[in-house]
Amino acid sequence: MKDISIIVPIYNAEKYLNKCIDSLVNQTKKELEFILINDGSTDSSEDIIKSYKDKRIKYFKNKNQGIGKTRNFGIDKATGKYLMFLDSDDYLDINACEKLYNKALKEKSDLVVFDFYRVEETLKEVTINNFKSSSLKENPNLLLDINLGPCNKLIKRELIDKNNTRFNEELKYEDTPFVTEIIKNANKISKLNEYLHYYVIHSNSETTIRDERVFDIIKIVDIIRKNFKKNKELTEVVNKLTVRILTNYTIQQRVQKDSKIGNRFINEAFSYMEKNIPDYKDNKYYENRSILKRTIEKNKILTKIYCNYYHFKKEKTSKKNIDEIINNVTTSPSFQLSAMILSYFFIVLTVYSVLQILGITKVLPVIQTIAIAVPMIMYICKSNNSKKSKFIISIIYLLLMILLPFIYNHTYDLTEDGNSYHKSSIAFIKNGWNPLYEDVRDFQKTNNNVIPIEKETRLDLWMEHYPKATWISAAAIYSMTGNIESGKCITLLLSIVLVLVIYNILKEVTSKFFSILISILIALNPITLSQIFTYYLDSLMGILFAIELLLLFTINPMKKQNNLIWFMIAATASIFVNLKFTGLLYSGVIAAVFYFYWLFKYLKEKDFWNKFLIITRNFIIVFGIAVFLVGANSYVKNTIDHINPLYPLIGKDKVDIITTMQPAIFSKISRPQKFIWSLFSQTQNILQDSGKEPKLKLPTQLYKSEISELLSPDVRIAGFGPFFALIFIFSTIVFIICLIKLVKNEKESIKYVFLSIATIIISMILVGEYWWARYVPQMYLYVIGTILLATITVKYFKNKIISYVGILLIIGAIGLNTLVFFATNYLHIRYFIEVERDIKTLQKMDNPQVKLVKPELYGFYYNLNDKKIRYTRAIELSEVNKKVMYHNRLEVSANEKIR
C-alpha cells in the first residue's frame, strides 16, 4: 500500500500533460502512486503518458465518461492511505506530497487543506482562510472558509470508504457536494499554510465555460442542503453557503456565452433563494460585501442589468467578416420590418413623383394601398424567416401602417408652422395639386376642397419651393384616414425604424441588453420629444441623420454587399434630402465623409478602380433618385424657374428667416459664442424684438418657466432642454478619457469614432446656426456615441467603477432632461383632450360662425372639415358674442344654439 494515491483524469491535455506528470514523478516523497485515467482523449495524450517509464504510474484508458465518473473510477483503483486529485492541466510543487503527508501524520488529520496559485499570465496567490486543526462540529465556519474544489486537499482514504463518498456523475460542479461531504465527516481537519498547487487558467478550463450546464449548480446546491438537513445547528452556515454560491454564479453570468441563458439562470437562482431562504437579503454573507456589490447582488433586476451590460460579444464579432455581420443584420425579422417601413415611404415618394411628372393626380389612395401592400408581399415571398416570424412581422407592420395613423387622429398639431404652410401643403397635395406644374394660387381657383391662401400670408412661397417628402407622405396617409392630423405619425414610424436599425446592428457587436438600452436612448432625442405631435421636420432630420450614418457603417466596399442595405440608404436619402434644404446638406455630408474615407483607405488596393466605380455608381443612383426624381418639384423646379435649387433660402432673392428669430445680442457675437451662450442659459424663446437676452444658469438648475417654454417645438435658447448642458459636460469628460483608452488599446475602432464625429461637426459648421437646437438635432448623437464608446472601452480600465459612474451620470442626466419633455407632452395630451371637447361642442352647434385668431392658420379649418363640422367663416365677430375655443386658435360666435 502506497502512502498517497494521486488521481488525474485526462482529456485532450497534450499541451499541459508533460508538466503535470513531471511534477508527479519528481516529488521528493517516493511512496506514491499515480492513477492516470485517459477519458477518451483524441489527441496525443496517450503517447505522452506511455513515454513515462515510472513504475508508480498506473494507466487506464476508458471511453469518455466525464470527470465525475473518471474520478470515481480512480478512487476505486487507488490503494494509497491518502488520496489527492489533480487536473491534467495543473501541477504540484515537488515538495507537496512530502509536506502534506507529514502534516497529516503529525496532526492525525483526515483532511489537510493547503493554498494554491492561479496561473494565468502571472501567478496569483489564493489563500484559504487560516484555522487551527479542528472539525466542522467545533468550527461550523469551516464549511465557508474552505474552498469547495478537491485539488488542494489531501484526504484520508478511510474517510472516503467509511462514508461511501463519491463524486456526482450526472451533474457539472460535481466536486462541490463531494468536498462538503468530506468536510462534514472529517474528525480532524488541518491547514498547511503553503502554496503547493498550481491551478492553470486557460480558454479551455472547465470553469471558464459558461453554458446551459450552469443550471446544474442549483441542483448541486439542493443536494448539499439535503445532505445537511439533519444538522440543524449548521442551518445558518448552510444558508450562508447557499447564498454565496448562487450569488457568485449569478454575477458570473456576465461572461455567459448566451445572455438568454444567463437571464434565465438569474431568475431561477433568485427564485430558489426566495423559496428556501425567504430572508436571504438579510444573510450575513452580504455584510462583507461593498455597498455597491451588496446592492447589485441582492436585487435580481440590478444583477441582470449588470451582467447584460458587462456581457459584450466582441469575441463572437471578431470571428465574423463584414458579410456575415450584414447577413445576420439583414435577415433579422425586426430589421426587415424597418426595411418594410422605409420601403413604404420610398414607394409613396417615387410612384407619386413619376405620376406627378406624367401629370397624373388624385391617385393617392391607390398609391397608399400599393405602398402598404407591396413591402409586405415582398417580405412574405422573399424572406427566409419562419412562417411564425412572417406572420408576426406582417401583423406588426399592418398595425403600424394602418392603426397608428388613426391613433394620431386624436392628436393635434397646435403650432403656427404646422397649421400654416405644412397642413395647407398636405391638403393641397391630397386634393390633387401637382406642385411640379401648378402654382398654389392657380390650383386653389379650380378646387373647392382647399382653403384659399390669401396673398398677404406669402405661404405659397414655402409651399411651392420647399422640399415636399413629408407633405406627400402625409397626404397619402390623409387620403386613407380622412384626417389631416394622421400624417404626423411619420415621426414615430421613422423613430421605430431608427430603433430597429441600431438595435440589430449593435446586437452583433454587444449584448442584447445594451443594444436595447442604446436604442431607447437614441429615440429620446429632445428634439424628437418636443416635435412628436407636430409637423415640424427637425426631429426627422435627426432621425434620418442617424439612420443614414448607421447604414453606411455596415457597408464595406471591398466585400460583396447585401443589396437591401443600399436600397435602405436610397430610401433614407429620398426622404432626408426632401425634408428641408438642410436635409440635402446633411445627407450629402454623411455620404461625402464615407465616400472620401473609402477612397483614401482603398487607394492602394489592386482593384481600387473597380471599387471606386461601384461606390460612385451607387451614390449617383441614390442621390439621383433623391434629387432629380423625388426632388423634381423643389430642386429641379427651383433651378428651372429661379436658376437656384435652394430658392428662396439662398441667392439674391433669399428670405432671411434667422435674424428676426434670434435674440438681438446674437447678431453681434460669433457662432461659437452663440452656441456656448445658448447651451448654458435658461430654456427660453427669445426673438430679436423681444427686448430680452439669454439668462445664464448652473447646469443643474431647473426653472418652472423652462417647462412652459418647452411647450414650443422650436425653442431658440437651450432647446435641447434644461439639463442638456450637464449632459454635454459629462459626455465631453467621458469622451476624452475613453477616446484616450481606445487610441491606446483598439486603434482599429478609432475610424468609427472619427467618421461619426466628422459627420456631426462638419454638418453643424455648414448649417451655420448651430446654437439653435432644432437645426442641429444630430448633436444628440454625440451623447449617445459617448455612452457607446464608454461601454466599449470599460474593459481597458483597471478601476471599472470610474467608467460605470461616468456612464450612469450621462444616462441619469438624460433621464432628468427627458422627464421635463415628458411633462410637456403630458400637457400636450391634456390640450388634445380639451380640443376634442371643443370639437364635440362645435359639432352640436348649428352652423357656427368661426374666425381664425391668426388668419394664416388655415390648418384649423381642415380639422373642422375633417370632423364634418358645418360652419361659416366670418370676417369679424362681435366682441360681445364671441368666445375663444380650440386652444385659443378659433373665435366662435357665442350665441350659436347647441343642438
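What you see is a predicted model; the values in this text were computed from it and never measured.

A closer look at the overall build of the chain
Logical step 1: Of the regular secondary structure elements, the chain holds 36 helices and 13 strands.
Logical step 2: Its C-alpha atoms give the chain principal-axis dimensions of roughly 115 × 65 × 55 Å.
Logical step 3: For the chain, buried positions account for 57% of its 899 residues.
Logical step 4: The centroid of the 118 positive side-chain charges in the chain is displaced by 1 Å from the centroid of its 86 negative side-chain charges.

What about the confidence of the model for the chain?
Logical step 1: In this model, the chain carries a mean pLDDT of 90, and residues with pLDDT of at least 70 account for 96%.
Logical step 2: Of all the helices and strands in the chain, helix H13 (residues 314-318) carries the lowest mean pLDDT, 40, while helix H21 (residues 469-481) carries the highest, 98.
Logical step 3: Contacts for the low-pLDDT stretch residues 312-319, under 50 throughout, to residues beyond four places or in other chains number 19 contacts.

Comments concerning the packing of helix H8 (residues 216-227) against helix H10 (residues 259-276)
Logical step 1: Contact geometry for H8 and H10: axes closest at 10 Å, N-to-C directions at 20 degrees. Compared by their axis directions, H8 and H10 come out roughly parallel. Of the two elements, H8 crosses H10, and the hand of that crossing is right-handed. Judged by residue contacts, Ile217, Ile218, Val221, Asp222 and Arg225 of H8 engage Phe265, Glu268, Ala269, Tyr272 and Asn276 from H10.
Logical step 2: Among the residues making up the contact of H8 with H10, the classes are represented as 6 nonpolar, 1 polar and 3 charged.

What about unusual backbone geometry?
Logical step 1: Tyrosine 647 connects to proline 648 through a cis peptide bond whose omega is 10 degrees.
Logical step 2: Tracing the chain through its elements places proline 648 in the loop between helix H29 (635-642) and helix H30 (671-679).
Logical step 3: Residues other than glycine seldom take positive phi values, yet histidine 887 does so here, at roughly 55 degrees.
Logical step 4: Locating histidine 887 in the fold gives a position in the loop between strand S12 (882-885) and strand S13 (890-893).
Logical step 5: Using a relative accessible area of 22% as the deciding quantity, one classes histidine 887 as partly exposed.

Describing a nonpolar patch on the surface
Logical step 1: A surface patch of nonpolar side chains, about 620 Å² in accessible area, is lined by Phe391, Ile392, Ile395, Ile396, Leu399, Leu403 and Ile407.
Logical step 2: Structurally, the position occupied by isoleucine 392 is in helix H17 (residues 387-408).

Things to note about the sheet that holds strand S10 (residues 849-852)
Logical step 1: A sheet is described by the order of its strands in space; here 4 strands give the open sequence S11-S10-S13-S12, paired in mixed fashion. Pairing within the sheet leaves two strands with one partner each, and these edge strands are strand S11 (872-873) and S12.
Logical step 2: As judged from the 2 bridges shared by S10 and S11, these two strands associate in the parallel manner. The residue bridging glutamine 849 from the neighbouring strand is threonine 872, located in S11.
Logical step 3: Against the sheet, helix H36 (residues 859-866) touches S10, S11 and S13, its axis set at about 150 degrees to S10.

With respect to the pattern of salt bridges
Logical step 1: Counted according to the given criterion, the structure contains 32 salt bridges.
Logical step 2: Between lysine 81 and aspartate 3 there is a salt bridge, and its shortest N-O distance comes to 3.7 Å. Of this pair, lysine 81 sits in the loop between helix H3 (67-77) and strand S4 (82-85) while aspartate 3 sits in the segment before strand S1 (4-10), placing them 78 residues apart in sequence.
Logical step 3: A relative accessible area of 11% means that aspartate 3 is categorised as buried.
Logical step 4: Across the pair lysine 61 and glutamate 46 runs a salt bridge, and its minimum N-O distance is 3.2 Å. Here lysine 61 is found in strand S3 (residues 57-62), whereas its partner glutamate 46 is found in helix H2 (residues 45-50), with 15 residues between them in sequence.
Logical step 5: Residue class for glutamate 46 comes out buried when judged on its relative accessible area of 19%.
Logical step 6: When salt bridges with common partners are traced through the structure, they connect Asp538, Lys580, Asp714, Arg716 and Arg774 into a single cluster.

A short note on the nonpolar core
Logical step 1: Formed by 180 residues in total, the largest nonpolar core has its most connected members in Tyr344 and Leu494.
Logical step 2: Here this core gets 14 residues from one element, more than from any other, and that element is helix H15 (residues 333-357).
Logical step 3: When residues no more than four places from it in sequence are discounted, the contact partners of tyrosine 344 are Gln368, Ala371, Ile372, Pro375, Tyr397, Met401, Ser473, Ala476 and Ile477.
Logical step 4: Grouped together as the second largest cluster of nonpolar side chains are 61 residues, Ile7, Leu142, Val214 and Leu234 included.

How each quantity is defined
Residues numbered from 1 in each chain as written. Predicted model: local features only at pLDDT ≥ 70, side-chain atom pairs only at ≥ 80, totals over all residues. Heavy atoms only, no water. Helix = DSSP H or I, 4+ residues; strand = E, 2+ residues; numbered from the N terminus. Buried < 20%, exposed > 50% of the residue type's maximum accessible area, 1.4 Å probe, protein only. Lys, Arg positive; Asp, Glu negative; His and termini not counted. Charge placed at Lys NZ, Arg CZ, Asp CG, Glu CD. pLDDT = per-residue confidence, 0-100. Contact = heavy atoms within 4.5 Å. Axes fitted to C-alpha atoms, helices over the stretch in contact; angles between N-to-C directions. Parallel < 35°, antiparallel > 145°, perpendicular 65-115°, else oblique. Left-handed = near helix turned anticlockwise from the far one by under 90°. Nonpolar A, V, L, I, M, F, W, Y, C, P; charged D, E, K, R; others polar. Patch = residues over 30% accessible without salt bridge, like charges linked within 9 Å, V, L, I, M, F, W, Y side chains within 5 Å. Areas by Shrake-Rupley, 256 points an atom, 1.4 Å probe, with all protein chains shown as cover. Salt bridge = Lys/Arg side-chain N within 4 Å of Asp/Glu carboxyl O. Pairing = 2+ DSSP bridges. Core = buried A, V, L, I, M, F, W, Y, C linked by side-chain atoms within 4.5 Å.

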